[in-house]
Amino acid sequence: MKKLLKLFELDLRSLAMMRILLGVFLFKDLIEMIPYIEMFYTRKGFLPLSEGFVDVFHEWSWSIFFLNDSPLFVYGLMTLFSLILFAFIFGYRTQATTFLTWVFIVSLHNRNWFGLNAGDDLVRSALLIAVFLPLGARYSLDEALSLKKLSTKSVNSFWTLALFLQLGVMYVLSGFHKTGEVWHQNYTAMSLAIHLDAFTKPPAEILKNFPTVMKGLTAFAFYAEKYFPFFIFLGLIPSLKSKSRWALISVFVFFHFGIFTFFNVGNFPLYAIALWTAFIPSNFWDKVTYTKHSSLNVYYDGECGFCGKFVRILLCFIDSKEIHLHTAQSNSEVYNLMEQNNSWVVREYSGKSYYGYEAFVQVLKRSHFQFLLPILSHKVVHKFGERGYKLVANNRSTFSLLSRIIKYRDQNPIRNTWLKQILGLSFIVLLFHWTWLCLPTPNGDGSTRFLSHTSRWLHTYQNWKIFAPYPLSNNAWFLVKGVTRTGSQVDLFGPEVKVFSTKVSVSDIRERLNNKSVRKTFYKALDDPTVYKRLALHYCRKWNEQIPRPVRLDKVELFVGKEFIQSPIFIREDGVELAHSEFCP
């Protein structure tokens, strides 16, 4: 078992990179949802709490957004979530902020699950795993403020195994669900997919002219998902461990980058890329943190609380072996220089000293942020940098007072206790249990009530039928018409209100369904007509509650347009039809 867990050992720096990227992509997702917060999470949207508790929310659903659905309350929670994400990205109280991030994500998903896709399943499960991984051991405020020195640079446990198994299950199940002949016989699945205008981006138009390339990409996607995750076991051969890791990372990052470039499926590919960075081998970081510059001694005012914390944080993220930290009080000569220049002192071993902003530039020269030097060394930037440094230097006591809220901590972020290991093994059991239920072959219900309920309460349930068993055959788009009491018709679905028309271009379709939650909700209505009614009432409320509005809506009509796609060369346009009509209350 130890040898198996060693195979899934993760470098602490790679875990830190995963944390930073995952946090940035979650924040990106939050920013993209800002225009739709009222639509999805408040009483002004299409699912007020009063209706959700009646026939939508599941018995295992829990959410802090169930407390209130007033816009003020929801925006307040979203603001709090953004602050938690910032703390998560910079690694402050990392385990606690990871847990809170998971709580908020689950809460958002439970509040309105109509707009969820596969990426939401992935990030929900990954965050729960991340709670038990030392994401804040490196490149974090936790590391900078820790009074303990790390004695290891990697970690292995049942939770590191769980992270890979989560990714592996996603790919393998997705591959096994792709049973349609378009995936593994005539290889036209990707050619069909790029004709789904609501799910593609403009670069996909280029690929329509290269059917042979699309066949190759279809084969690549199918076989990479189904078989390539097993390459990790080549790592059992010591000489192939690093190479097998790089092979997996290269294949799946290329795979997801392609999805992100040509398809509009939300942040799912970005989340997957972030998770793969956790598997970057240690030798990569050993190389990028090495520089050929001479070593530096960094001296700061030991009596300035802010100064010590700032320098520790800076050096933590720079991660250079050529920089050594001291208090200026430990060297009388340096202390005099600090007093004379009102500045920290950065000194080469040759004795040459640097002060102020220039000292900061010299520190960056010994880091993997050297690529920023042409910008930071520009005379205009240098001038503003020097002014900024003087502002801080002249107000050290004020900044020290403000920095008191960030305290030093005596904590070991890597503790593989028996309880943590048992919980990790339990998560793996839940993952395989749900995988068994999702297999595309008849297997009966081999579940137990306890495992099923646990998966639902923790929200580790997932569905990997991505474009499976074949891509959608209907290229659908949607129109929302409002009829005012004077009989005029307006288009309610789009970035701006305009006169209603059933003629839309491909760019219009992409613009209207650009947000993955909005797109998923409207596509959900194709299978569940009650969603049309909820959406129609939402547009009624949204229009009629606006002040001033010269004319109130009397009725909202939702139309759906469809093209039937059987092959890249056979596309039948079925036209636009009325899907639902609703009088406004």
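Residues numbered from 1 in each chain as written. Predicted model: local features only at pLDDT ≥ 70, side-chain atom pairs only at ≥ 80, totals over all residues. Heavy atoms only, no water.

A. Here's a closer look at the environment of Ile105. Among the structural elements, Ile105 can be located in helix H6 (residues 94-111). Once the C-alpha coordinates of Ile105 and Asp286 are considered, the two residues, 181 residues apart in sequence, prove to be 34 Å apart. Non-local contacts of Ile105, meaning those with residues more than four positions away in its chain, are made with Leu26, Phe81, Val123, Arg124 and Leu127. (Helix = DSSP H or I, 4+ residues; strand = E, 2+ residues; numbered from the N terminus. Contact = heavy atoms within 4.5 Å.)

B. Structural detail: the sheet that holds strand S6 (residues 353-355). Spatial ordering of the open sheet is given by S4-S3-S5-S6, a layout of four strands whose pairing is mixed. The open sheet is flanked by strand S4 (323-327) and S6, the only strands paired with a single partner. Shown here is a sheet whose adjacent strand axes are inclined to one another by a mean of 25 degrees, direction ignored. Pairing geometry for strand S3 (residues 296-300) and strand S5 (residues 345-348), over four bridges, is antiparallel. In the sheet register, Val298 faces S5, and the bridge partner there is Val346. (Pairing = 2+ DSSP bridges. Axes fitted to C-alpha atoms, helices over the stretch in contact; angles between N-to-C directions.)

C. Quick look at the state of the cysteines. The final tally for this structure, using the stated rule, is two disulfides. There is a disulfide in this structure between Cys304 and Cys307, and the S-S distance comes to 2.3 Å. Because the sign of the S-S torsion sets the handedness, a value of about 75 degrees for the bond joining Cys304 and Cys307 places this disulfide among the right-handed ones. Bridging Cys540 to Cys584, the disulfide has an S-S length of 2.0 Å. Of note, the bridge from Cys540 to Cys584 carries an S-S torsion of about -70 degrees and is left-handed in sense. Taken together, the residues Cys540 in helix H27 (residues 530-544) and Cys584 in the segment after strand S11 (570-583) connect sequence positions 44 residues apart. Cys584 matches Cys540 in its accessibility class, with the two residues each being buried. Sequence-ordered numbering of the bonded cysteines in the chain yields a pairing of 1-2, 3-4. The thiol of Cys316 is unpaired, and the distance to the nearest cysteine sulfur, on Cys307, comes to 18 Å. Among the residues examined, Cys316 registers a relative accessible area of 7% and is labelled buried. (Disulfide = S-S within 2.5 Å. Buried < 20%, exposed > 50% of the residue type's maximum accessible area, 1.4 Å probe, protein only.)

Honestly, that's just the spatial picture; any functional story needs more than this.
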